[in-house]
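Listed here are the chains, written in short residue letters.
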Protein chains: 2
Amino acid sequence: MALTLTDQQTAASIVALAGGVGGARLAEGLQQLVGSRLTVIGNVADDTELWGLHISPDLDTVMYTLAGIANEETGWGIAGDTWQSFEMLAHYGAEPWFRLGDRDLATHLLRTDLLRSGATLTEVTTRLARALGVQAHLLPVTNATLRTIVLTNEGELAFQEYFVHRRWQPRLLGLRFEGADQAGLTPAALAALDAAATVVLCPSNPFVSIAPLLAVEPLPARLRVLKAAGVPVVAVSPIVGGQALKGPAAKMFAELGEEPTALAVARRYTDFLSHFLLDVRDADQIDAVRALGLVVGAADTIMLDREGRRRVAAAALALARGAA
Amino acid sequence: MALTLTDQQTAASIVALAGGVGGARLAEGLQQLVGSRLTVIGNVADDTELWGLHISPDLDTVMYTLAGIANEETGWGIAGDTWQSFEMLAHYGAEPWFRLGDRDLATHLLRTDLLRSGATLTEVTTRLARALGVQAHLLPVTNATLRTIVLTNEGELAFQEYFVHRRWQPRLLGLRFEGADQAGLTPAALAALDAAATVVLCPSNPFVSIAPLLAVEPLPARLRVLKAAGVPVVAVSPIVGGQALKGPAAKMFAELGEEPTALAVARRYTDFLSHFLLDVRDADQIDAVRALGLVVGAADTIMLDREGRRRVAAAALALARGAA
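Residues numbered from 1 in each chain as written. Chains lettered and ligands numbered in written order. Predicted model: local features only at pLDDT ≥ 70, side-chain atom pairs only at ≥ 80, totals over all residues. Heavy atoms only, no water.

Visitor: Got a minute to help me understand the sheet that holds strand β7 (residues 155-158) of chain B in this structure?
Guide: Whether parallel or antiparallel, the strands of a sheet pair through hydrogen bonds between backbone atoms. Residue and element names in this part refer to chain B. In space, the three strands of this open sheet follow the order β7-β6-β8, with antiparallel pairing throughout. Across the chains shown, the open sheet's two edge strands, defined by having one partner strand only, are β7 and β8 (172-178). Strand after strand, the sheet turns through a mean of 25° between neighbouring axes, direction not considered. In this sheet, β8 lies alongside strand β6 (residues 147-152) in antiparallel orientation, the contact comprising six bridges. Pairing of Leu151 across the sheet is with Gly174, part of β8. (Pairing = 2+ DSSP bridges. Helix = DSSP H or I, 4+ residues; strand = E, 2+ residues; numbered from the N terminus. Axes fitted to C-alpha atoms, helices over the stretch in contact; angles between N-to-C directions.)

Structure follows, in structure tokens:
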């Protein structure tokens with residue numbers, strides 16, 4: 001597989017849909033390749049409010065990763081962050097299960113303050129990302145309130161309650177995205193999609209990172225239009241060898257009665273997808289995915305370091321331009 | 001001067017009016033002597049809002065000092081605090097002149113969150129102080145919004161703008177306490193005053209710590225009633241040898257056209273004061289202060305350490321009970 005890009009791809013804009021650690025890493029690989037020609041549309045459905053602060057964990061994971069300051073071990077927060085504020089909050093008897101680093105806290109403080117002053121989440125995210133030196137354009141999918149509610153065997157749980165507090169242990173029965181009907185894609189995200197030469201669905205959790213993005217109209221309709229117009233819409237599988245590299249994606253597939261495979265991921269996206277990149281470990285699924293009507297490529301999709309991210313990003317773009 | 005207390009004084013409650021470093025230190029000395037029988041009424045007129053947080057610098061200086069965690073070098077904040085959040089905020093381009101330590105930030109976060117949830121500043125302050133192990137009852141003078149506005153040769157300045165940002169360099173022309181008309185003493189502060197066996201005006205800045213307390217009705221009227229009823233109302237001079245030990249009190253006296261002396265402090269309070277403790281270095285002013293109708297004592301009022309605070313507190317109480 002050629003790792004170079006066509007002139008058209010380097011000049012044209014790439015839109016990535018990304019959330020979580022895997023999604024953030026591929027987005028960072030794409031940023032290495034195309035810099036400011038990358039627009040990342042991020043998930044806000046796991047945003048939460050804590051101590052009066054508007055916290056956007058998924059958007060921040062992507063932002064910190066794009067800025068090169070993400071904590072790679074935890075998958076959230078800032079590398080080398082400290083815990084003085086948090087420990088003091090705990091000392092005051094405040095809920096201790098959602099940890100906030102001191103530097104991370106500054107992000108939430110400023111975001112909350114700017115939002116209260118009337119700025120949109122798009123404006124706030126742009127300001128924060130620029131200050132951190134992020135080259136790509138990071139955009140929330142919506143400026144409205146959108147919240148993932150997790151239906152479990154223990155009842156409905158707010159996303160962070162399920163994900164962080166309960167460490168995704170309750171059994172998943174379903175998901176709903178509160179506010180999706182009224183949310184609406186932002187004008188900036190819509191404009192980026194309309195100008196896209198390639199769309200990349202990053203290897204993010206299909207249920208809690210990608211699905212809430214697709215719940216925002218007219219995002220899925222727009223992707224179908226792009227595909228129909230011949231714009232490659234390529235997904236990179238977050239499932240490798242039946243496992244999620246990080247997080248509960250495989251567990252969620254199983255709990256929803258489906259085998260956790262690259263094929264199962266591809267099936268969820270056939271409506272608007274044109275290309276699918278799976279891992280070489282899942283090469284046995286190529287024919288089955290191809291049978292869905294997709295152009296399929298296989299590559300080593302494990303992103304252990306900066307170079308790995310660049311390599312997988314290049315593989316996805318090469319597949320999209322028909323060079324795989 | 002005897003340093004022991006009468007049985008009546010140890011059993012009865014003491015109310016201290018305190019703000020700033022000197023005030024906080026004497027309050028801590030009083031707390032050493034009478035523990036939970038001390039109520040401290042604190043100043044909220046230099047409260048400010050920053051990044052959406054309700055910050056109560058004067059109340060916190062007293063709270064941290066009573067809790068034994070104050071930063072003694074700076075006179076504000078928590079000893080050994082770190083600056084990760086603040087540096088990140090600065091990195092984001094937020095105003096850098098008002099510094100907030102990481103642990104200190106937790107105080108403001110929780111206070112703001114509780115206030116937004118409908119708690120009064122009295123309830124919040126009680127909760128925070130208890131969590132920090134403060135024995136005394138720390139009460140804001142009012143639950144309402146009260147703000148010191150500084151009239152200077154450069155125009156009107158909000159208190160923190162004048163005090164922190166401009167480091168009290170503009171020339172003082174006057175002060176006003178915005179919201180004082182509507183503020184109103186809290187029921188808790190009123191009850192503490194009504195039960196007081198002794199009232200102590202700590203060696204706090206008369207213009208920006210004590211004056212805003214006295215601007216809240218019916219505090220001065222209550223002090224006059226107490227004095228008339230024979231309850232000692234004793235002030236400790238914040239001016240020693242023509243200087244303020246910390247802060248702009250002496251500079252303020254001079255700019256308002258008055259010599260900065262213990263006598264000048266006593267003159268401001270004659271209306272409701274019965275006793276006045278000045279420093280031995282100012283013993284030459286004893287007769288002049290006595291001529292104001294006050295019972296005067298002299299002691300070494302410098303509080304260099306915990307023992308010094310206890311010593312000055314004992315001197316003030318001894319003077320109040322007529323043992324000086």
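Visitor: How should I be thinking about the nonpolar core in this particular structure?
Guide: A:Val40, A:Leu201, A:Phe276, B:Val40, B:Leu201 and B:Phe276 are the most contacted members of the largest nonpolar core, which totals 228 residues. Contacts of B:Val40, omitting those with residues within four sequence positions, involve B:Ala16, B:Ala18, B:Ala27, B:Val62, B:Leu66, B:Ala136, B:His137, B:Leu138 and B:Leu139. (Core = buried A, V, L, I, M, F, W, Y, C linked by side-chain atoms within 4.5 Å. Buried < 20%, exposed > 50% of the residue type's maximum accessible area, 1.4 Å probe, protein only. Contact = heavy atoms within 4.5 Å.)

Visitor: When you look at the packing of aromatic side chains in this model, what are you seeing that I'm missing?
Guide: By convention here, two paired aromatic rings are described through the distance between centres and the angle between planes. Residues and elements named next belong to chain A. Applying the stated rule across the entire model yields nine aromatic pairs over all chains. Joined through ring pairs, the aromatic side chains of Trp76, Trp83 and Phe86 make up one cluster. Here the basic side chain of Arg99 rests over the ring of Trp83, its NZ or CZ set 4.3 Å away from the ring centre. (Phe/Tyr/Trp six-rings, centres within 6.5 Å; stacked < 30°, edge-to-face > 60°. Lys NZ or Arg CZ within 6 Å of the ring centre and 35° of its normal.)

Visitor: Please clarify how empty space enclosed by the protein should be interpreted in this entry.
Guide: Over the atoms rolls a probe the size of a water molecule, and in doing so it shows where empty space is left. Residues and elements named next belong to chain B. Scanning the entire structure with this criterion turns up five cavities of 30 Å³ or more. In this model, the largest cavity occupies a volume close to 70 Å³. The residue inventory of the lining of the largest cavity, partitioned by class, reads three nonpolar, five polar and three charged. Empty space within the second largest cavity amounts to approximately 60 Å³. Along its surface, the second largest cavity is lined by Val21, Arg25, Thr61, Thr65, Ala70, Asn71, Glu72, Gly75, Trp76 and Arg309. (1 Å grid on protein atoms, 1.4 Å probe; cavity = no way out; pocket = protein on both sides within 12 Å on 5 of 7 lines; lining within 4 Å. Points joined across faces, edges and corners; volume = space filled by probe spheres on them. Nonpolar A, V, L, I, M, F, W, Y, C, P; charged D, E, K, R; others polar.)

Visitor: Whenever I open this one, unusual backbone geometry confuses me. Can you help?
Guide: Both trends apply: most residues other than glycine have a negative phi, and most peptide bonds are in trans. All names here are of chain A. Of note, the bond from Glu217 into Pro218 is cis; its omega dihedral lies within 30 degrees of zero at 0°. Despite not being glycine, Trp51 shows a phi value in the positive range, around 50°. Mapped onto the fold, Trp51 is located in the loop between β3 (48-50) and β4 (53-55). By relative accessible area, which is 8% here, Trp51 ends up buried.

Visitor: I tried to follow the relation of the copies chain B and chain A on my own but got confused; where do I start?
Guide: Copies of the same chain, two in number, are related to each other by a rotation about an axis and a translation along it. With an RMSD of 0.0 Å, the fit of chain B onto chain A corresponds to turning through 180° and sliding 0.0 Å along the axis. Those values place the two copies in the arrangement expected of a two-fold rotation axis. Closest to the rotation axis within chain B is the C-alpha of B:Asp102, separated from it by 3.2 Å. Most of the interface of chain B is mirrored in chain A: 100% of its interface residues are interface residues there too. (Least-squares fit on C-alpha atoms with pLDDT ≥ 70 in both.)

Visitor: Which parts of the structure should I look at to understand the pairing of strand β1 (residues 13-18) of chain B?
Guide: Residues in a regular strand point their side chains to alternate faces of the sheet. Residues and elements named next belong to chain B. β1 sits mainly inside the fold: six of its six residues count as buried. On β1, burial covers both faces: Ser13, Val15 and Leu17 on one face and Ile14, Ala16 and Ala18 on the other are all buried. Where β1 and strand β9 (residues 196-201) come together, five bridges link them in parallel fashion. What sits directly across from Val15, in β9, is Val199. Here β1 runs beside strand β2 (residues 38-42); their pairing, made up of five bridges, is parallel. Paired with Ala18 across the bridge in β2 is Gly42. For the crossover from β1 across helix α2 (residues 20-34) to β2, the handedness is right-handed. (Right-handed = clockwise from strand over helix to strand, strands pointing away.)

Visitor: So what exactly am I meant to see when it comes to the interface of chain B and chain A here?
Guide: Quoted interface sizes are often the accessible area lost when the parts come together. Taken together, the contact between chain B and chain A spans 29 residues of the former and 29 residues of the latter. For the pairing of chain B and chain A, the buried interface totals around 2600 Å² over both sides, and the portion due to carbon and sulfur atoms is 64%. For the pair chain B and chain A, the number of links is zero salt bridges. There are twelve residue pairs in polar contact (both at pLDDT 80 or more) connecting chain B and chain A. Secondary structure elements with two or more residues in the side of chain B that touches chain A: α3 (57-66), α4 (84-91), α5 (102-116) and α6 (121-131) of chain B. Within the side of chain B that touches chain A, the residues separate by chemical class into 17 nonpolar, seven polar and five charged. (Buried area = accessible area lost by both parts, 1.4 Å probe. Salt bridge = Lys/Arg side-chain N within 4 Å of Asp/Glu carboxyl O. Polar contact = N/O pair within 3.5 Å; in protein donor to acceptor, adjacent residues only side chain to side chain.)

Visitor: Whenever I open this one, helix α11 (residues 219-228) of chain B confuses me. Can you help?
Guide: Residue pairs spaced three or four apart in an α-helix point in one direction, given the helix's 3.6 residues per turn. Residues and elements named next belong to chain B. Turning to α11, its buried residues number three or more, namely Leu219, Pro220, Leu223 and Leu226. The arc enclosing the buried residues of α11, seen along the axis, measures out at 115°, which places them on a common side. Projecting away from the buried face of α11 at angles above 90 degrees are the exposed residues Val225 and Ala228. Of the surrounding secondary structure, the elements contacted by the buried residues of α11 are β1, α9 (187-194), β9, α10 (206-214) and β10 (233-236). Gly230 lies just past α11 and shows a positive phi near 85°. (Arc of directions from axis to C-beta.)

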